Structures are given as structure tokens and as C-alpha cells.
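Descriptive structure summary
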Amino acid sequence: MPAFTSTRQVTLNEVAVNCDVRISSLNGPACDRLRDLGFCEQMQLRKISNGRNLVCTVCGAKMAISRELAKQVLVSPVL
Amino acid sequence: MSAASEAPSTVALIGNPNSGKTTLFNALTGANQRVGNYAGVTVELKTGETFTPHGRKLLVLDLPGCYSLRANSPDEKIALDAVTGKLPGTAAPDLIVCVVDASNLERHLQLALQVIELGLPCVLALNMVDVAEKSGLRLDPAKLSEELGIPVVPMQASAGKGIIELKQALRHPFPPPSSVTWLKNGDDSEETRRNFIADLCTLAARRPDAQSRTFSDKLDSLLLHPVFGWIALIAVMFTVFWAIFSFASVPMDLIDAALGSFGGWVEGMMPEGDFRSLLVDGVIAGVGGVLVFLPQIILLFLFIGLLESSGYMARAAFLMDGVMAKAGLSGKAFLPLFSSYACAIPGVMATRTIDSAKERLVTIFVAPWMSCSARLPVYFLIVPLLLHENEGSWKQALILFGIYALGTATAFIVARVLRGRLGPDKSPNHFLLELPPYRRLQWSYIFRHVIDRAWSFVKKAGTIILGLSILLWALATYPKTDSKDPGEILAHSAMGRIGAFIEPAVKPLGFDGRTGTAILTSFAAREVVVSSLAIIFSVEETDDDEETRSLLRDRIAAATWPDGRPLFSPLSLISLLVFFIYALQCLPTTAVVAREAGSWKWAIGQFLFMSGFAYAASLLVFQGGRLLGF
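Throughout what follows, the structure given in this document is the object of discussion. Because the structure is predicted, anything quoted here is derived from the model rather than measured. Counting restarts for each chain, with residues numbered from 1 along the sequence as it is written. Chain letters start at A and ligand numbers start at 1, both assigned in the order the entries are written. Whole-chain, interface and lining totals are the exception, using all residues; otherwise, since this is a predicted model, local features are given only for residues with pLDDT of at least 70 and side-chain atom pairs are given and counted only at 80 or more. Side-chain measures here rest on the full set of heavy atoms in the structure, leaving out hydrogens and waters.

**Some details on helix H8 (residues 215-223) of chain B**
- Burial classes: relative accessible area under 20% of the type maximum marks a residue as buried, over 50% as exposed, and values in between as partly exposed (1.4 Å probe, protein chains only). What counts as a helix is a DSSP run of H or I of at least four residues, what counts as a strand is a run of E of at least two, and both are numbered from the N terminus. For H8 of chain B, every residue scored as buried is listed here: Ser216, Asp217, Asp220 and Leu223 of chain B. Projected onto a plane normal to the axis of H8 of chain B, the buried residues spread over an arc of 130 degrees and lie on a single side. Each C-beta atom gives one direction from the helix axis, and the arc is the one those directions make.

Given below as C-alpha cells:
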């Protein structure tokens, strides 16, 4: 189960594993780097695993990012 | 003037890491650059030549992968400078080929748009269309070309498909630069680009609605699992090392026997004299003693090639991030350090993928402490001696494991201390790593890479080691004396005199002048110590398996101090091992460190620190052991 209700934005850290979410905004110093890697607004992603670093699939690529970076990715559920 | 006589145009290949630039570069130029299924295999610019279908020569630049034209790491900076013509000694490109992974277009097009906006003629190489189609992506290259305003060539570089079409697109005159329709009124915001890409992908690269679990996903659920993932990683690492030590013994024995027979044949063919002695005791004993380790080096590079090409290396880096963090490093330092088990030179070069400059310096500093393959000859000589048995027992394997563990643990501790002292980076760098899909192994590239490394090892044996072997033989032979006693002959020779001179410095470590001389000769290349000892203890090659090494061990075991005590006690052997675990005895590594760290000060500092550390550690082991009564 995702850890958010249908309208609230949460960080990628808080999303449950195997959930599909949409990136609603990026907020933090590493925004540009994240966008270069495909973490752009409106992109759909799936969280694959939790842990020290998260794994998620974004536009067909599997990326491992630190929790610090995931904190800067705000997501909302796919409607 | 004919087209062929004009100066060749320069074509640069640019793209995200792991988009297949080097595979394409190899296919275009017929070159043999190393490729791997791991982001950041290419860390420096490579150049090659190709011809258009009309016979016009093109200079091709293979750039390191980058995610955007905002350079974050040193390898990305090289790519940026190369496309903008700011790289010294490299011509600005006349045309850029943007290599994109078709299965990953949303992301790869971001860099492609930035490159197209530079205003140079561009061609989009839509690589890996097979993977994209397999994942259900519906591609429309004609639509992509229309919207981007540049030629788009669908291809599968790994299978050589689309290469001819790409060459057609590179023919003169080059296509005109795109009119960049997505930027209106000079607006170059990221958002405009993103919206354009999203619209373009809806039109020309539609994804299936439901995300299906691919083979990679299924395998990752096991290999990235917090428990099974670790079991798999340990099993893989164990298999690699076990295979290196067990499989290599058969070809090693064959090489050994062949060299022995060759030595015997030369001895039988020539009359006794200095020249025969030079060939048999100097050249064959010296070079042969090192060449015998070729199978192990081939196996180590083969396994690293397999791990990289399959895509597993990135998973290992992901798992190791937590462990590396304890040393103040990140998972990205894993590949450079793991490669250093084979050879510190590719290891140091691989640090270019590390974003943080300080983490990179620390990784370069400790990389030579990961026991490299050149240390193996030394370990294989000393470890059986320590146990008074021949090669190949499990106890020896355990000691070897301990040796690797000691080097690695020290590297981690020093990295942690050094990282703490260097302080935090100006801008924080967080761990991020692409986990590429598992791919079928590209055997031809793996084999070519292994042959390449093996050849460079053989070349080293034929140059540095051959030269030093001849020098050592001369030092151990001249000036001559009338005495027939080998001990007296050696004491009278130049080598004996050097040994006597340096003996006071090495005696506290438990070594005599002869061992000291052998160590001294190994500062240019550590594996030379085996040849040096073989020459100093005048061991001849034999035609029996392992007999040469075992003969050398017998000689070393029988060697004594002038008062009759055995030269090597278990304690002094451990002291010698410890010295070789820690000392940085490799001139090529020091040269590469100076280049990569950008300062000779750092390289010389590393050399002095490691040599000093090795001396102190050896001293501590020997003197500490003696105090404890060993």
C-alpha cells in the first residue's frame, strides 16, 4: 500500500515498494542532476526496493539513488 | 582536389553512459576498445578512423558517457570540452553523433537536445532498437527525425546492424544543423525541453501501458535482495578467486615445464661460459619466473570482463555501497578497488566515474593496497615456504585469503582516516547509479580485452623484467673471483657488496643483504623479486612441474646467516609478506596516479607513504614477534 492518500504529495522515500507513482515536483539542491537522470516532473516511476539506497524504474531504466536524493523527489499517485 | 586528400572531418560520439558508444565506435572504426555493461567504462577520449561509403576519411572520437552538458565528474568534463572544441590537442567536431538507448528515450533525449542546440550538424543513432522492441516500445524513427530536424538511424551496434545506414548519414555534405523548433523566443528552460520530450515520446516512442516484469527485474529481485543478494555476491567473489587459484595451476605447470625444457635445451646446445649463464640463469630464470603467472592474470581479467559485460558489476557496486560508506567512500569506489585486485592501473583510471573529487583522490590513494596480480608470484613463493609444504593446500588458500583481507582492511582504514582529514566536498555528492539490464555476454570483446591485458603483461616481462634480469645477473656475476664456493662468489660480486651496504637497513626487518637487494630491485616492478631471488640464489630452470619454484624454495629454506642460523624464520617470512602487501613497488602505477590525481606531489607522497608504511609494518611484525618470543 502506498503511504499517501490520493491527493497528498510525499517523498519517494515514503512510497511503498512496487508502487507506481508520478513525479510531481523536485525540491532540493540536486534537482538538475536528478532531471539529467530522467527524474523529471510528470514522469512515472516504479519503486523496486527500499533500503540504504532505493531502486526505482524511471523511463525504462533502473536507477539506484540514495535516500538523501529520494527525499528531493516529491511524488503523487498515478491516477 | 580529390575528396580523399582533404583533411578528414571529425565526428564525435556522445551519449549517456552505457548507451553503446564504444560498441558503435568499435563497429565503425574496427578498433578494439574495451566495452562493458556498466556506466563509465570509457573514462577517456579515444580516437579512431572510418570511411564514408564514398571513401572519405573521418576521424571518430569516442567520448566518455555523460548525462548532460553540465559536467559533474572528470570524465563528463572531458566529453563537454571535446564537443565544444575546448579540449587541447583535439579538433572541434564537425558533426556529432548522439547515441541514444531506444529503450530509454525519455532520458537519453535530454542530452541529445542539449547537443543539438549547440548548432552543429547532428545525427541521432537510435541504438538498441532490439531491446526497445522487445520491451513493447513502438518506435517511429521517421517521426523522431521530423520533430528533431536531424537524421535518425535505428541500429543495433552490438550486432553490427545499422552501421552502413549510419555511414550513409555521415556522408558529405553533412546534414544541416537542426532549426531547434522546441525553443521559442530564445527560451531555453529545462521545462520547455522536458515538455517537448514528453510530447515527442508520446508520438514516436510509445510505451506499453502496463509495466511488465522483465527478466532483469526477476533476476534483480534475487540479486539485490538484502539477504540472498549478499549470499550471491559472496558466492560470486569466492568463485572468482577460487577459480583463479585452482584453474590456473594446469596451464601454469605447462608453462613452467616448457620453460624448464627450453632452459635445459639451451644449456645442452651451448658450451659452458658467461653467455650460457646469462641466457639460462639470467634471461630464462628471470623472465620465466614471471611469465608463469600469465594464466592467473588472464583468468582475473576474464572474470572482471564477465562481471562487467553481464551487468552484474553495477549490482555489486549497489550492494557494496553500505560497506564502502564505512570507509568514507561510496559504492562507486567498488569497481575501481575491485579492478585493482587485477592491476592498480585500470583501477586508478576507473576512479574517473566518481563524482566527488575528494573521494576520488582517496580511492586512488588506497587502490594499490588491494593485492594486485603482480603480487601473486611473491605470495606463491613465500606462503608454501611458511608452511613447509608444496603448493596447493587449503591452509595456503586460507593464508592467501588473509593476505587479501589484510590489504583490503588497511586500505579501508586509511581511506576512512584520509577522507575524514580531507573534509567534506564543497557540494554534497549523493550515491546514484544506473543498473543496466542484464545482457548477453559479448564474448569477442571480452576475449580481445583479456588478450590485450595478457599481451601488456608479456610485453612488460619482455622489457622491464628482461632488462632488470640481465642487470641482476651481471651484478651477481661480476667482478669474478677464483673461488668455487657460491657464497663467496656472491659476496665478491657487485650484488654482494650492495647487499652488505644495505643490510643494516633491512636487518631489523629480519632480512639479510641478499634479500634486501632482491627487494631493492623490485621497486620498479614487484614481481621482479622472484626473478631476483632466483638469480641471487642461482636456481636454474628445470623441466619438471613446480620444480623450479620448489627448488628456489629449497634454496631459500637452506640459506643461512653467516653464523649458521636459517636465513628465514617463520617470523621473517611473515615480515617479508607484510612488506610486499603494503609496499607500492610499481613505477607504471605511480606514473598513472600522477596523471590521474593531476600532481606528482600526490603520487610521490603515496609512494613514500606506502614504502614507509610497509617498512614500519614489517619492522613491527618482526620486532614485535621477537619480543613475544617467536
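**Details of the packing of helix H16 (residues 357-366) of chain B against helix H27 (residues 600-627) of chain B**
Residue and element names in this part refer to chain B.
- The angle between two axes is taken between their N-to-C directions and runs from 0 to 180 degrees, where each axis is a line fitted to C-alpha atoms and a helix contributes only its stretch in contact. In the contact formed by H16 and H27, the axes pass within 10 Å of each other and the chain directions differ by 45 degrees. Of the possible angle classes, the one that applies to H16 and H27 is oblique. Crossing of H16 over H27 shows right-handed handedness. On the side of H16, the interface is formed by Leu361, Ile364, Phe365 and Val366, while H27 contributes Trp602, Gln606, Phe609 and Met610.
- Residue classes in the contact of H16 with H27 are distributed as seven nonpolar, one polar and no charged. Throughout, the term roughly parallel applies to angles under 35 degrees, roughly antiparallel to angles over 145, roughly perpendicular to angles from 65 to 115, and oblique to all others. If you view the pair so one helix is near and one far, a crossing is left-handed when the near helix is turned anticlockwise from the far one by less than a right angle, and right-handed when it is turned clockwise. What makes two residues a contact is simply this: any of their non-hydrogen atoms within 4.5 Å. Polar here means any residue outside two lists: the nonpolar Ala, Val, Leu, Ile, Met, Phe, Trp, Tyr, Cys and Pro, and the charged Asp, Glu, Lys and Arg; Gly therefore counts as polar.

**Looking at the sheet that holds strand S4 (residues 95-101) of chain B**
Residue and element names in this part refer to chain B.
- Here, strands pair whenever DSSP counts at least two bridges between them. Strand order in the open sheet formed by six strands is S2-S3-S1-S4-S5-S7, with mixed pairing between adjacent strands. Both outer strands of the open sheet, strand S2 (46-51) and strand S7 (152-154), are each paired with one neighbouring strand and no more. Here the strands of the sheet are splayed against their neighbours by 25 degrees on average, with no regard to which way each runs.
- Where helix H5 (residues 141-148) meets the sheet, it contacts strand S5 (122-127) and S7, and its direction lies at approximately 160 degrees from that of S7.

**Looking at the pattern of salt bridges**
All names here are of chain B.
- Salt bridge, as used here: a side-chain nitrogen of Lys or Arg that lies within 4 Å of a carboxyl oxygen of Asp or Glu. In total, this model carries 21 salt bridges over all chains according to the counting rule given.
- Among the salt bridges present, the one from Arg315 reaches Asp220, with a minimum N-O distance of 2.8 Å. Of this pair, Arg315 sits in helix H13 (residues 312-326) while Asp220 sits in helix H8, and the two are 95 residues apart along the sequence. Across this residue pair, the class does not change: Arg315 and Asp220 are buried.
- Notably, a salt bridge pairs Asp512 with Arg514, separated by 2.9 Å at the nearest N-O pair.

**A closer look at the environment of Leu620 of chain B**
All names here are of chain B.
- Mapped onto the elements, Leu620 comes out in helix H27.
- With a relative accessible area of 64%, Leu620 lands in the exposed category.
- Once the C-alpha coordinates of Leu620 and Leu509 are considered, the two residues, 111 residues apart in sequence, prove to be 8.2 Å apart.

Keep in mind these numbers describe shape, not what the thing actually does.
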